[in-house]
Amino acid sequence: MTKEKPIEKIKELGASISKQILKGDNPAIDVPIRALSNVFFDKKSKTLQLGESSSKRSFFNIAHAKKFLQTVEVAKIEKDLLDSGKHASLRDVFYMAKRTIPNTSVNLVDMQQESDEIIQDLELISGLSREQLHVNANKMGSVAGNVVIEDRGDTIDWGKLGSGGWSIPSNVEEIKFKKVNANFVLYMEKAAIFERLLEDKFHEKQKGIILSSQGQTTRGIRRLLQRLYEEFELPIYVLADLDPWGAYIYSVIKYGSINLAFFSKKLTIPSVKYLGITCNDVERYNLKKNLIKLKDTDIKRMQQIADYEWFKDNKEWQNEFKIMKKWGAKAEIQALSARGISFITDKYLPEKLKNKDFLE
Amino acid sequence: MKEKKEEIEQKSAEELAKELKQVSVSAFFERNRHLLGYDNPSKALLTVVKELVDNLVDACEDARILPEGVVIIKQLNETRFLITVEDNGPGIVKENLPSVFCSLLYGSKFGKNKQSRGLQGIGASGAVLYSQLTTGKPVKVWSKTAKDKKMHFYEMFIDVHKNQAEIKKEETLDTTKAHGVKVELEIEARYQKGKQGVDEYLIQTSITNPHLQLSYVNPNNEKIIFKRASNNLPKEPKAIKPHPHGTELGVLMRMLKESKSRNLQSFLMNDFCRIGSGTAQEIITKALLTVNDKPHNLMHDQAEKLYKSMQEAKVIAPPTDCLSPIGEKDFLKSVQSEIKAEFYTSVTRSPTVYRGYPFQIECSLAAFGELNPEESIKVMRFANRVPLLYQQSACATIEAIKETNWRAYGLQQSSGNLPIGPVILAVHIASVWVPFTSEAKEAIAHYPEIIKEIKLAVQECGRRLGIYIRKNVRAREQKEKASLFEKYIPELASSLSEITKENKNKLIEALNKRLKKDLPLLIEVSEEDKDKKIEGVVVQNKNDKQTTL
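Everything numeric here is computed off the predicted structure, so don't read it as measured data.

Conventions we followed
Residues numbered from 1 in each chain as written. Chains lettered and ligands numbered in written order. Predicted model: local features only at pLDDT ≥ 70, side-chain atom pairs only at ≥ 80, totals over all residues. Heavy atoms only, no water. Helix = DSSP H or I, 4+ residues; strand = E, 2+ residues; numbered from the N terminus. Contact = heavy atoms within 4.5 Å. Areas by Shrake-Rupley, 256 points an atom, 1.4 Å probe, with all protein chains shown as cover. Pairing = 2+ DSSP bridges. Axes fitted to C-alpha atoms, helices over the stretch in contact; angles between N-to-C directions. Parallel < 35°, antiparallel > 145°, perpendicular 65-115°, else oblique. Left-handed = near helix turned anticlockwise from the far one by under 90°. Nonpolar A, V, L, I, M, F, W, Y, C, P; charged D, E, K, R; others polar. Core = buried A, V, L, I, M, F, W, Y, C linked by side-chain atoms within 4.5 Å. Buried < 20%, exposed > 50% of the residue type's maximum accessible area, 1.4 Å probe, protein only. Polar contact = N/O pair within 3.5 Å; in protein donor to acceptor, adjacent residues only side chain to side chain. Buried area = accessible area lost by both parts, 1.4 Å probe. Salt bridge = Lys/Arg side-chain N within 4 Å of Asp/Glu carboxyl O. pLDDT = per-residue confidence, 0-100. Phe/Tyr/Trp six-rings, centres within 6.5 Å; stacked < 30°, edge-to-face > 60°. Lys NZ or Arg CZ within 6 Å of the ring centre and 35° of its normal.

## Side note on the overall build of chain B
Broken down by element type, chain B carries 14 helices and 14 strands. Taking the intrachain contacts of chain B between residues at least 6 apart in sequence as the baseline, contacts between residues at least 24 apart amount to 70%. When the accessible surface of chain B is summed, it comes to about 28,700 Å², and 49% of that surface belongs to carbon and sulfur atoms.

## Section: the sheet that holds strand S4 (residues 151–159) of chain B
Residue and element names in this part refer to chain B. The eight strands are arranged S5-S4-S3-S6-S2-S1-S7-S8 in an open sheet whose pairing can be described as mixed. A single partner strand is all that each edge strand has here, and the edge strands are strand S5 (164–173) and strand S8 (223–226). Strand-to-strand twist of the sheet, defined as the mean angle between neighbouring strand axes without regard to direction, takes the value 15°. Sheet topology places strand S2 (residues 80–87) next to strand S6 (residues 180–188); seven bridges connect them, and they run antiparallel. Bridge pairing in S6 places Arg 80 opposite Glu 188. Against the sheet, helix H3 (residues 41–62) contacts strand S1 (68–75), S2 and S6, and its axis sits at roughly 10° relative to S2. Helix-sheet contacts for helix H5 (residues 123–135) involve S2, strand S3 (139–144), S4 and S6, and the interaxial angle to S6 is about 35°.

## Describing the packing of helix H1 (residues 6–22) of chain A against helix H13 (residues 448–500) of chain B
Here H1(A) crosses H13(B) at 130°, and the two axes come no closer than 9 Å. Classified by the angle their axes make, H1(A) and H13(B) are oblique. Handedness of the crossing formed by H1(A) with H13(B): left-handed. Residues A:Ile10, A:Lys11, A:Gly14, A:Ala15, A:Ile17, A:Ser18 and A:Ile21 of H1(A) lie in contact with H13(B), whose contacting residues are B:Leu492, B:Leu496, B:Ile499 and B:Thr500. Grouping the amino acids of the contact of H1(A) with H13(B) by side-chain chemistry returns seven nonpolar, three polar and one charged.

## Concerning unusual backbone geometry
Most peptide bonds take the trans configuration, and most residues that are not glycine carry a negative phi. The amide bond that connects A:Gly276 to the next residue, A:Ile277, takes the cis arrangement and shows omega of -5°. Assignment of secondary structure puts A:Ile277 in the loop between strand S15 (273–276) and helix H10 (279–284). The phi dihedral of B:Asn163 is positive, around 50°, even though this residue is not glycine. By the element assignment, B:Asn163 lies in the loop between S4 and S5. Here B:Leu288, not a glycine, exhibits a phi torsion of approximately 60°, which is positive. Take B:Leu288: it is sitting in the loop between helix H9 (277–286) and helix H10 (300–312).

## Focus on the sheet that holds strand S14 (residues 236–239) of chain A
All names here are of chain A. Here we have six strands laid out as an open sheet, ordered S10-S7-S13-S12-S14-S15, and mixed in their pairing. Both edges of this open sheet fall to strand S10 (166–167) and S15, since each of them pairs with a single strand only. In terms of strand pairing, strand S7 (residues 142–144) meets strand S13 (residues 208–212) through three bridges, oriented antiparallel. Bridge pairing in S13 places Val 143 opposite Leu 211. Each of S7, strand S12 (184–188), S13 and S14 is contacted by helix H5 (residues 191–199), which is oriented at about 150° to S13, the strand it contacts most.

## Quick notes on the packing of H9(B) against H10(B)
Residue and element names in this part refer to chain B. Packing of H9 against H10 leaves a shortest axis separation of 8 Å and a crossing angle of 135°. As summarised for this structure, H9 and H10 are arranged oblique, according to the angle between their axes. H10 is crossed by H9, and the crossing has right-handed handedness. Contacts between H9 and H10 involve Glu 282, Ile 283 and Lys 286 on the former and, on the latter, Leu 306, Ser 309, Met 310 and Glu 312. Residue composition of the contact of H9 with H10, by class: three nonpolar, one polar and three charged.

## Points about the nonpolar core
With 82 residues, the main nonpolar core has A:Trp158, A:Leu186, A:Leu211, A:Leu239 and A:Tyr348 as its most contacted residues. Ranked by residue count, the leading element in this core is helix H8 (residues 244–255) of chain A, at seven residues. If we ignore the near neighbours within four places in the chain, the residues touching A:Leu186 are A:Leu197, A:Phe202, A:Ile209, A:Ile210, A:Leu211, A:Tyr237, A:Leu239, A:Leu275 and A:Leu349. Counting residues in hydrophobic clusters, the runner-up holds 50 residues, among them B:Val57, B:Val85, B:Val128 and B:Val181.

## A look at the side chain of A:Arg219
Residues and elements named next belong to chain A. Along the chain, the position of Arg 219 falls in helix H7 (residues 219–232). Polar contacts involving the side chain of Arg 219 include one to the side chain of Glu 123, which spans 2.6 Å. With residues up to four places along the chain from it excluded, the contact list for Arg 219 reads Glu 123, Ser 129, Arg 130, Glu 131, Leu 260 and Leu 267.

## Examining the interface of chain A and chain B
In this assembly, 32 residues from chain A lie in contact with 26 residues from chain B. Overall, the association of chain A and chain B removes approximately 2,500 Å² of surface from exposure, summing both partners, and the carbon and sulfur fraction of that is 76%. Of all residues in chain A, the largest losses of buried area upon contact with chain B belong to A:Ile21, A:Phe60 and A:Ile62, amounting jointly to 28% of the total for that side. Across the chain A-chain B interface, the total number found is two salt bridges. A salt bridge links B:Glu491 to A:Arg99, with the shortest nitrogen-to-oxygen separation between them at 2.3 Å. At the junction of chain A and chain B, the tally comes to four residue pairs in polar contact (both at pLDDT 80 or more). Only H1 and helix H2 (65–84) of chain A provide two or more residues apiece to the side of chain A that touches chain B. Considering every element that reaches the side of chain A that touches chain B, the biggest residue donor is H2(A), with 10 residues. Its residues assigned to classes, the side of chain A that touches chain B shows 17 nonpolar, seven polar and eight charged.

## What about the environment of B:Glu86?
Residues and elements named next belong to chain B. Looking at where Glu 86 falls in the secondary structure, it is placed in strand S2. Along the backbone, Glu 86 and Gly 180 are 94 residues apart, and their C-alpha atoms lie at a distance of 7.3 Å. If sequence neighbours within four positions are ignored, Glu 86 has contacts with Leu 56, Glu 68, Gly 69, Val 70, Lys 177, Val 181 and Lys 182. At a separation of 2.8 Å, a polar atom in the side chain of Glu 86 contacts the side chain of Lys 177.

## Regarding the confidence of the model for chain B
Averaged over every residue, the pLDDT of chain B is 85; residues scoring 70 or more account for 90%. Reported for the predicted complex are a pTM of 0.57 and an ipTM of 0.79.

## Examining the pattern of salt bridges
Scanning the model with the defined rule gives 51 salt bridges over all chains in all. Two residues, B:Arg464 and B:Glu460, come together in a salt bridge whose shortest N-O distance is 3.1 Å. On the criterion of helical spacing, the pair formed by B:Arg464 and B:Glu460 is a turn pair, its members being four residues apart in helix H13. Several salt bridges converge on common partners, so that one network encompasses A:Glu73, A:Lys76, A:Arg99, B:Glu491 and B:Glu498.

## Regarding the pairing of S5(B)
All names here are of chain B. Note that S4 and S5 share nine bridges and pair antiparallel. Counterpart to Phe 157 in the pairing with S5 is Glu 166. If you look at the hairpin formed by S4 and S5, you'll find four residues sitting between the two strands, and Asn 163 has a positive phi there, around 50°.

## Structural notes on the packing of aromatic side chains
Taken as a whole and assessed by the stated rule, the structure comprises 34 aromatic pairs over all chains. Relative to A:Phe263, the ring of A:Phe262 lies with its centre 5.3 Å away and its plane at 85°, an arrangement referred to as edge-to-face. Measuring from centroid to centroid gives 5.6 Å for B:Phe267 and B:Phe272, while their planes differ by 90°, and the two rings are edge-to-face. In terms of burial, B:Phe267 and B:Phe272 fall into one category: buried. Three or more aromatic residues joined by ring pairs form one cluster here, namely A:Phe41, A:Tyr248, A:Tyr250, A:Tyr255, A:Tyr274, A:Tyr308, A:Trp310, A:Phe311, A:Trp317 and A:Phe321. Positioned above the aromatic ring of A:Tyr248, the side-chain terminus of A:Arg301 is 4.7 Å from the ring centre. Above the plane of the ring of B:Tyr390 lies B:Lys43, whose end atom (NZ or CZ) is 4.5 Å from the centre.

As structure tokens, then:
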């Protein structure tokens, strides 16, 4: 990204605002727009990229004044963090910014959502990720496998962490890989499946790294997956529910997300493959009795995803959507448990991996 | 419980007959005073004042005199009050004075199909009865009918068994007063302020009676003057004949008995409104009767058939000139003079009909100013200009207001509740027969026709309020927001100087300078923005058309 030190970027922003003020101008900041309208699918890199649109946030504007103030305030907090070398969570930043403006009944921020958004804005303004600016999200997700790493001076063996695995931090940039002995990485959206595979020692039997989140894939996980792919050329597979939400989890890893389009280069893995659950799996493993009816919100979201530019030409996925619609039903990964609790470890996954039965 | 056999002594019909006796109305109400609104001491005070003030205004209107009254409530001891009400009305002739105040159900309005405050002739004598019951004191009445006549004074009790006056003292006096009546009563009561108190009642009375001038001295010896807001006496309401659709079977049977008409045809045409000869014939034929049947000869089942046939007949709605609404202008004026607010509006709907009775809805709305923005809106309810202070939640008015979507007009409202905001809503129903939910005349019954009309009136007021809020209140909020810049500047400067090490005061100075220059612009610009948003739609449509052309 940028070779400048993060703190310099924040100072630059402050200096530019000060200069405008002292000149007698209405101080303004250009904030790139984070929305579907300003995101495009780059066919060459096959990733989502941020467009050129930005909005001007100026102080002397009734609609912008508070956000402007919030932006400068959060920038100040990030500068203090960088100065002191400490890291704060999103929640910490909220409390550091939260206070009532003297002689008013107005709070600088009322909800964490507000400070979170400003933190994202500052990433785009500075071109630095929030982790680089010393703001971390909550840890979400675990990993296990025959891998040894070094993190803040500690050596950690991902294969020797009992029933929990190693919990993936928000910032994986500083991690050093000492030994990686695996043939693939399997990422799953459900922690319960991770625990199943860990108990069954799937990662040892199949020589893989298993990795899970709970729901949406965090940046830490995405960056970790990408590093494993780029640095060790490991194939990455995704195991998710057969429903629009699972499809989107896959899509985010493969193509990037709308909110983080700016960081696509650091977070996306275009060569990732979708392992399952697929409609074909449902037929082959006789899971039709274990389907769940689609809700209206499911159908709506499915249509949205099917219409995304990066999904439009993906025939395999369009076919999946078509069949789900025809069935009016979706399938969870756990549906496999209907065939036996370790069916997934002993039969399903080995067969899928052996046959290279993936979706693009 | 342990059963115990009792000696049962049988009584013969003859023995029982000895115990039967005629109970006079007075004796009945002596026992059942809650039916007249005397259930508890604070409500009693309100009811006495209400009855006397209603009579005052009714008497003046009947005589076409602009009413001017005096109400004095004096606290004698903790639970005793002396109430004096005086008017400038036509007075009551000497012979009628005892009956008016000491015979229950003595009155001129009973059974008339006409819009009026009281109906049954119970009000004044009921108050006297209550006074006598609780204090044992007589009522004192002064009356004078013309300048050149003498004033008559009576001190009297109600003889409860005979339902007539028992005169204690009688005098003839000389005074300079032109004409009018003065009544003095002593009662057991309790004085309370607030939503259901006498003070509130009189405030509301003056709102729906803009032609009334009233001076009031409350028990705390505070003198309040309710000024006359309009010199227009209300249009004199006309009595109308009953409408066939609003007549009940029992009433029809009584009418048949008492009718002076010789045959059914003329009975229907003369004793009801809106029935012509064609309709009369149709009703009679359908009831399997003949035009020449004698009304008083009809048997019960025949009357019932006639009744049914009358309900089914297509009859146009009754005339509505019998109603006397307050009128938009006068309603507005009196609300303005009694309520300190910033925005006022009022609506008088056209008359319409429920169950054969004409009625008319009026609504007046006051908003902002000194009204509390944090609470539910205040609703004032009136029936034939009389305030209704009890049973609010059972009233059709409240139902209609709750069913209205106030969020569309800029107020907060959770569904099924009264909206929240700095608003007073006064709703008046004028009718020859107001359908109350109970004898106590406290809440209006939920007739769909009535609810619909109230809603339409209230919605129109709401729409006007909404426009006002959008125009003025939002603009004011904008100004308030703009004033926040002053407060934001030091915050911005201090954070910024921490990042850049720039001098904080220099930044503040520069920002303040810029603010001074921009402030008028900031407010204007933002208002313009807002207007653009509204017009924007229109402008855009125009452009679309042009581009497609």
